[in-house]
Amino acid sequence: MAAVERSNPKDPTTWYRSEDADLEVGLGLTVANLALRIYEKRKDIVPLVYESKVCKEFGVNRRTATWEQIAPACQADIFELCFWMNFHPTPQQALVLQAVQDGDLFIACKSGQGPGKTCVSAIIGIWWQLQDRDVRCIVTAPSMKQCRDVWLSEVRERIGKAHYLLRKFVTVTSSRVYFGGYVQGMPRNKNWRCELLTASNDTAFQGQHNKRLTAIVEEASGVEADIIEALKGTVSNIENEFQEDAQEGAILMIGNPNQRDTEFHKCFTKMGSHWTQITLDAEESPIVNPRKIIQHAIEFGIDSDFYRVRVLGQFPASDPSGIINPDDVYRATTCDVRKAVRNTTLAGQRQFGIDLARQGGDETIAYRRFGGCIVEWKKWSKTTDFEPAHAVRWCFKAQLEAEWHNWQTLYTFDAGGLGQGIYHLFDEAGKDCFPFHTQHKATRPTVYANRMTEAWFQLGATLRAGNVRIPDDPILHHQLTTRRYGFTKDGLLLVEPKDIYIKRTKSGSPDRADAIVMAFYQSGYTDTQVTRKKTRRASR
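Quick notes on the rules
Residues numbered from 1 in each chain as written. Predicted model: local features only at pLDDT ≥ 70, side-chain atom pairs only at ≥ 80, totals over all residues. Heavy atoms only, no water. Helix = DSSP H or I, 4+ residues; strand = E, 2+ residues; numbered from the N terminus. Contact = heavy atoms within 4.5 Å. Buried < 20%, exposed > 50% of the residue type's maximum accessible area, 1.4 Å probe, protein only. Pairing = 2+ DSSP bridges. 1 Å grid on protein atoms, 1.4 Å probe; cavity = no way out; pocket = protein on both sides within 12 Å on 5 of 7 lines; lining within 4 Å. Points joined across faces, edges and corners; volume = space filled by probe spheres on them. Phe/Tyr/Trp six-rings, centres within 6.5 Å; stacked < 30°, edge-to-face > 60°. Lys NZ or Arg CZ within 6 Å of the ring centre and 35° of its normal. Disulfide = S-S within 2.5 Å. Polar contact = N/O pair within 3.5 Å; in protein donor to acceptor, adjacent residues only side chain to side chain. Axes fitted to C-alpha atoms, helices over the stretch in contact; angles between N-to-C directions. pLDDT = per-residue confidence, 0-100. Arc of directions from axis to C-beta.

1. A look at the overall build of the protein chain
Each helix and strand in the protein chain was counted, giving 21 helices and 20 strands. Look at the contacts in the protein chain between residues 6 or more apart in sequence, and 68% of them connect residues 24 or more apart.

Next comes the structure, spelled out in structure tokens:
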């Protein structure tokens, strides 16, 4: 049964496919149970209705209000600003806005993906800057691309939807946000602006002198400790402490809780008493599509760090997580071969995965897969007379004996190092191949840091879904179940680097696991199939 086209927010059964209802997603919950949990969290949420003080006091509406009426009200009340910017915050977003309205100086907000954290920080930046001409709001992130492409783009979108008088007053350029309007193509007051600075050098925050300095730290998990300390010193206005009108500034740290060993994590633990702490949980947010949440649960499990970070807005668990569950591996060694071959997702696929030895103690491994079943495999220890071509020719022979045609078969091989010297063998033999570069971009670059990480998680999902058969090999099982993952500073999933794995486990290179990961890599199979179809059409 195909997925329904439209979900009903009042009917959780429309948030998932009926055949997925009993699928376990972790912690003893099924997909149906998770959908019900999300529904229970959201059912009592009431949209916030704000009545404008300007409209009520002066008896005007959006069309007849003047700037003299709007400006003082927006300066005094951040929710009034939301009204004139045509922004309707969710109850979660309102918690952050209220903390700013209450004058909290140190606010830390961790969030899953989707509850609108960047939108909130954009509103806060504008409101802080409206307070006074001698106020400076500094916006920083791990890279200028994040400042411009994410935060500044959000401000531009918000201003574009705002009341026309606000649009005249606030101008968004390619690198700054100016206040006070423009005259003859130039800002009236060049110093009245939001400043975008990259969080790469603490000296960038020195020399900022204003009556009040505020700061927004976007993607706070990726900002180093020395940068945060420099920023704290800047907004505290220490250099201006003898000026009568100098005021202490405020800091908003906001982002996905990607890593634990960060200053952002300390805001919720060691230094928690100094910070106003807020969490935006995507399960509780009415603006996050529940289907997307359930898909994450199916793919990664609700007990995974990915779900904790991307959905619940929680930091990863204290212990690094394994990618593949040992129970899934054990089930795959006992699965019926016929069921595995007829796996509905993998049926008909014929694929080899080849990992070439790089050092003296490594192994060269080749697996042959038919559907969801590994039907044959071979290993070679690296010796003085061994050549990578030996493994490739064994695969060619195994294909011939299995009577697999070239157009049916795909070879996925490690293209780094020794792999560069065997590519011509596939070309000369007329074989379809996919050179697997471990550090190349994944097909889902917003989720995975590189191709190897994507391939490992694909195998994990395949084993979790069942009807897969792999060899009953203790070494392979150990390698599959002990490989860990973490997160980059940008919140992308990253498989444990091989050198760190070897040092931690003291069990050698995970060559067998890498080879079987390549044997099941679906993205490579699809890409090659597309290329093959184009070639066939061209030859007709």
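2. Points about the pairing of strand E3 (residues 106-111)
Regular strands have side chains that alternate between both faces of the sheet. Among the six residues in E3, five count as buried, and that is most of the element. Two strands pair when backbone bridges link them, and E3 and strand E11 (residues 250-255) are joined in this way by five bridges, in the parallel orientation. Following the sheet pairing, Ala 108 is matched in E11 by Met 253. With five bridges connecting them, E3 and strand E12 (residues 276-280) associate as parallel partners. Among the inter-strand pairings, Ile 107 is bridged to a residue of E12, identified as Thr 276.

3. Quick notes on empty space enclosed by the protein
Within the structure shown, the criterion is met by one cavity of 30 Å³ or more. One number sums up the size of the largest cavity: a volume of about 40 Å³. Lining the largest cavity we find Gln 113, Ala 282, Val 288, Lys 292, Ile 293, His 296, Arg 310 and Val 311. Put simply, the parts of the chain that give the lining of the largest cavity at least two residues each are helix H11 (290-300) and helix H12 (305-312). Top element by residues in the lining of the largest cavity is H11. It accounts for three residues.

4. Some points on the packing of aromatic side chains
This model, assessed by the stated rule, comprises 28 aromatic pairs. Look at Phe 83 and Trp 84: their rings are 5.1 Å apart centre to centre, the planes differ by 85 degrees, and that puts the pair in the edge-to-face class. Judged by its relative accessible area of 14%, Phe 83 falls in the buried class. For Trp 84, a relative accessible area of 0% puts it in the buried group. With 5.9 Å between their ring centres and 65 degrees between their planes, Phe 264 and Phe 315 make a pair best called edge-to-face. Here Phe 264 is found in helix H10 (residues 263-266), whereas its partner Phe 315 is found in the loop between H12 and strand E13 (321-322), with 51 residues between them in sequence. Across from the ring centre of Trp 404, 4.8 Å away, lies the NZ or CZ of Arg 368, which sits over that ring. Between the NZ or CZ atom of Arg 369 and the centre of the ring of Phe 520, over which it lies, the distance is 5.0 Å.

5. What about the layout of surface pockets?
A volume near 1300 Å³ is recorded for the largest pocket. Taken together, 39 residues form the lining of the largest pocket, with Ile 298, Gly 460, Ala 461, Arg 464 and Ala 465 sitting closest to its centre. The set of elements that each furnish at least two residues to the lining of the largest pocket consists of strand E1 (24-26), H11, E13, helix H13 (326-334) and helix H17 (451-465). Examining the composition of the lining of the largest pocket, we find that eight residues originate from one element, H17, more than from any other.

6. Here's the deal with helix H20 (residues 511-519)
The buried fraction of H20 is high, at nine of nine residues. All buried positions along H20 are accounted for by Asp 511, Arg 512, Ala 513, Asp 514, Ala 515, Ile 516, Val 517, Met 518 and Ala 519.

7. Digging into the state of the cysteines
Disulfide: a covalent bond formed between the sulfur atoms of two cysteine residues. Per the stated rule, a full pass over the model turns up zero disulfides. Of all cysteine sulfurs, the one in Cys 137 lies closest to Cys 194, which takes part in no disulfide; the gap is 4.4 Å. Residue classification places Cys 194 among the buried residues on the basis of a relative accessible area of 1%.

8. Some details on the side chain of Thr 262
Take Thr 262: it is sitting in the loop between E11 and H10. By relative accessible area, which is 9% here, Thr 262 ends up buried. At a separation of 3.3 Å, a polar atom in the side chain of Thr 262 contacts the main-chain carbonyl oxygen of Gln 259. Only 3.2 Å separates the side chain of Thr 262 from the backbone nitrogen of His 265, close enough to count as a polar contact.

9. So, the sheet that holds strand E16 (residues 373-381)
Taken in spatial order, the five strands line up as E16-E15-E14-E17-E18 in an open sheet, and their pairing is mixed. One side of each edge strand has no neighbouring strand; the edge strands of this open sheet are E16 and strand E18 (432-436). Shown here is a sheet whose adjacent strand axes are inclined to one another by a mean of 15 degrees, direction ignored. When strand E17 (residues 409-414) meets E18, the two strands line up parallel, connected through five bridges. For Asp 414, the partnering residue across the bridge sits in E18 and is Phe 436.

10. Description of the confidence of the model for the protein chain
Within the protein chain, residue pLDDT values average 88, and 90% of them lie at 70 or more. Highest mean pLDDT in the protein chain belongs to E12 (97); lowest belongs to helix H21 (residues 522-539) (54). Contacts from residues 533-540, a stretch scored under 50 in pLDDT, to residues over four places away or in other chains number one contact.

11. Points about H13
Here H13 has its buried residues at Asp 328, Val 329, Ala 332 and Thr 333. For H13, the buried positions fall inside an angular range of 140 degrees around the axis, keeping them on one side. Exposed residues lying more than 90 degrees from the buried face of H13 are Asp 327 and Tyr 330. Turning to H13, the residues buried within the fold contact H17 and helix H18 (474-482). Near the N-terminus of H13, the side chain that reaches the backbone nitrogen of Asp 327, with its oxygen 2.8 Å away, is that of Asn 325.

12. What to know about the pairing of strand E15 (residues 363-370)
By the criterion of burial, E15 is predominantly enclosed, with seven of the eight residues buried. The pairing of E15 with E16 spans eight bridges and is antiparallel. Paired with Ala 366 across the two strands is Lys 378, which belongs to E16. The hairpin turn running from E15 into E16, its antiparallel successor, is two residues long, and Gly 371 in that turn takes a positive phi close to 65 degrees.

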